[in-house]
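Fold and contact review
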Amino acid sequence: MARLKNGALGGFSGKVGSVVGYSLRNKDFIKGLPKPSSKPPTLKQLASRARFKFFNEWRNPLTEFFSVSFKNQTATHSAQNAAHHYNKDIIIGEYPDYGINYEKIIISSGNLPPVTDLKMEMTEHGNLRLSWEPNLTGSAKATDLLAVLVCYIGSNTELTGTLNGAERGDGHHDFVIAYRPAGTTVAVYATFLSNDRNRACNSQYMGKISF
């Protein structure tokens, strides 16, 4: 059963026969239901499905993170669609052996002025210390917040991070990483978001660190 949203001449939501109606960003759309195929999938189709599944296994744990870090993109995309768009090329390898190009991961994109001289090092306690020059130009504010994402190499779903790190004006932040066995390697990403999350910098790949 479908529901008319604005009378007989308005759009509808739900299923009518072989057509589905839905609304996205105050615009109404309809699409036909997919027709099941009795043909076995081709190798290309299997590869495409496996690649998509691999990508979603990486992205799904980051749903809440990306809903904030890509909030500034929601005028034209949903935050999750923006995350997909900016990271669509991170999957490498051939079916069925896929991997991730960690250098290509993007955790935000926008026109908020970046900090300068952003650096990362390990402290004597085994934590990550990020330091920077605030660069308070244009729309940048001292209250902009650092966001950090850490991906564990070799695990498609093991991730950690923060969306509420130090303020831009602080100039440094110590990020605590839970103990990991020797030989663990992580890839680190950093960005800055306005306090209301409506603006973002282009994120920066900080590199890999081994424990």
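Preceding block: the structure.
For the structure given in this document, a descriptive report is provided here. (Residues numbered from 1 in each chain as written. Predicted model: local features only at pLDDT ≥ 70, side-chain atom pairs only at ≥ 80, totals over all residues. Heavy atoms only, no water.)

Our next topic: the overall build of the chain. Counting its secondary structure elements, the chain contains three helices and 13 strands. The burial tally for the chain puts 36% of its 211 residues in the buried class. Relative to all contacts within the chain whose residues are 6 or more apart in sequence, the contacts with residues 24 or more apart total 58%. Carbon and sulfur atoms provide 52% of the accessible area of the chain, an area that totals close to 12,400 Å². (Helix = DSSP H or I, 4+ residues; strand = E, 2+ residues; numbered from the N terminus. Buried < 20%, exposed > 50% of the residue type's maximum accessible area, 1.4 Å probe, protein only. Contact = heavy atoms within 4.5 Å. Areas by Shrake-Rupley, 256 points an atom, 1.4 Å probe, with all protein chains shown as cover.)

As a further point, take the nonpolar core. Membership of the largest hydrophobic core comes to 26 residues, with the highest contact counts inside it found for Trp58, Phe65, Phe66, Ile100, Ile105 and Tyr189. Within the residue set of this core, elements represented by two or more residues are helix H1 (43–59), helix H2 (63–69), helix H3 (79–87), strand E6 (97–100), strand E9 (145–152) and strand E12 (185–193). If you tally residues by element for this core, the top one is H1, at four residues. Leave out the neighbours within four places in its chain, and Phe65 touches Ile107, Ala147, Val148, Leu149, Thr162 and Leu163. With 20 residues, the next largest nonpolar core counts Val115, Tyr152, Ile177 and Phe192 among its residues. (Core = buried A, V, L, I, M, F, W, Y, C linked by side-chain atoms within 4.5 Å.)

Now for the side chain of Ser109. Counting through the fold element by element, Ser109 comes out in the loop between E6 and strand E7 (116–122). Separated by 3.2 Å, the side chains of Ser109 and Asn202 make a polar contact. Ignoring any residue separated from it by four or fewer positions in sequence, one finds Ser109 in contact with Phe70, Asn72, Gln73, Tyr86, Ala200, Cys201 and Asn202. (Polar contact = N/O pair within 3.5 Å; in protein donor to acceptor, adjacent residues only side chain to side chain.)

Inspection of the entire model under this criterion finds three salt bridges. Residues Arg129 and Asp174 are paired through a salt bridge, measuring 2.6 Å at the closest nitrogen-oxygen approach. Of this pair, Arg129 sits in strand E8 (residues 128–133) while Asp174 sits in strand E11 (residues 172–175), and the two are 45 residues apart along the sequence. For Asp174, a relative accessible area of 34% puts it in the partly exposed group. As a salt-bridge pair, Asp144 and Arg168 come within 3.0 Å of each other at their nearest N and O atoms. Here Arg168 lies in the loop between strand E10 (159–162) and E11 and Asp144 lies in the loop between E8 and E9, a separation of 24 residues in the sequence. Both residues of the pair, Asp144 and Arg168, count as buried. (Salt bridge = Lys/Arg side-chain N within 4 Å of Asp/Glu carboxyl O.)

Burial analysis of E12 places nine of its nine residues in the buried class, the great majority of the element. Burial along E12 is two-sided: the residues Thr185, Ala187, Tyr189, Thr191 and Leu193 and Val186, Val188, Ala190 and Phe192 are all buried. Direction of pairing for E9 relative to E12: antiparallel, over a ladder of eight bridges. Each residue of the ladder has a partner; that of Val150, found in E12, is Val188. One ladder, built from six bridges, connects E12 with strand E13 (residues 204–210); its direction is antiparallel. Directly across from Ala190, in E13, lies its bridge partner Gln204. (Pairing = 2+ DSSP bridges.)

So, on to the sheet that holds E13. Pairing between the strands of a sheet comes from backbone hydrogen bonds, and it takes one of two forms, parallel or antiparallel. Read across the sheet, four strands follow the order E10-E9-E12-E13 without closing on themselves; strand pairing throughout is antiparallel. For this open sheet the edge positions go to E10 and E13, each flanked by a neighbour on one side alone. Direction aside, the axes of adjacent strands within the sheet are offset by 20 degrees on average. Bridging between E9 and E10 involves four bridges; their strand directions are antiparallel. Counted as the bridge partner of Val150 is Thr160 from E10. (Axes fitted to C-alpha atoms, helices over the stretch in contact; angles between N-to-C directions.)

Residues Leu43, Leu46 and Tyr95 make up a contiguous nonpolar surface patch of roughly 280 Å² in combined accessible area. Inspection of the secondary structure puts Leu43 in helix H1. Relative accessible area serves as the criterion here: at 60%, Leu43 is assigned to the exposed category. (Patch = residues over 30% accessible without salt bridge, like charges linked within 9 Å, V, L, I, M, F, W, Y side chains within 5 Å.)

This part covers the side chain of Arg197. Relative to the helices and strands, Arg197 is located in the loop between E12 and E13. No salt bridge is formed by the buried Arg197; its nearest oppositely charged neighbour, Asp196, is found at 7.2 Å. Within polar-contact distance, the side chain of Arg197 engages the side chain of Asn164 at 2.8 Å. Ignoring sequence-local partners within four residues, the contact set of Arg197 consists of Val68, Lys71, Asn72, Leu145, Leu163 and Asn164. (Lys, Arg positive; Asp, Glu negative; His and termini not counted.)

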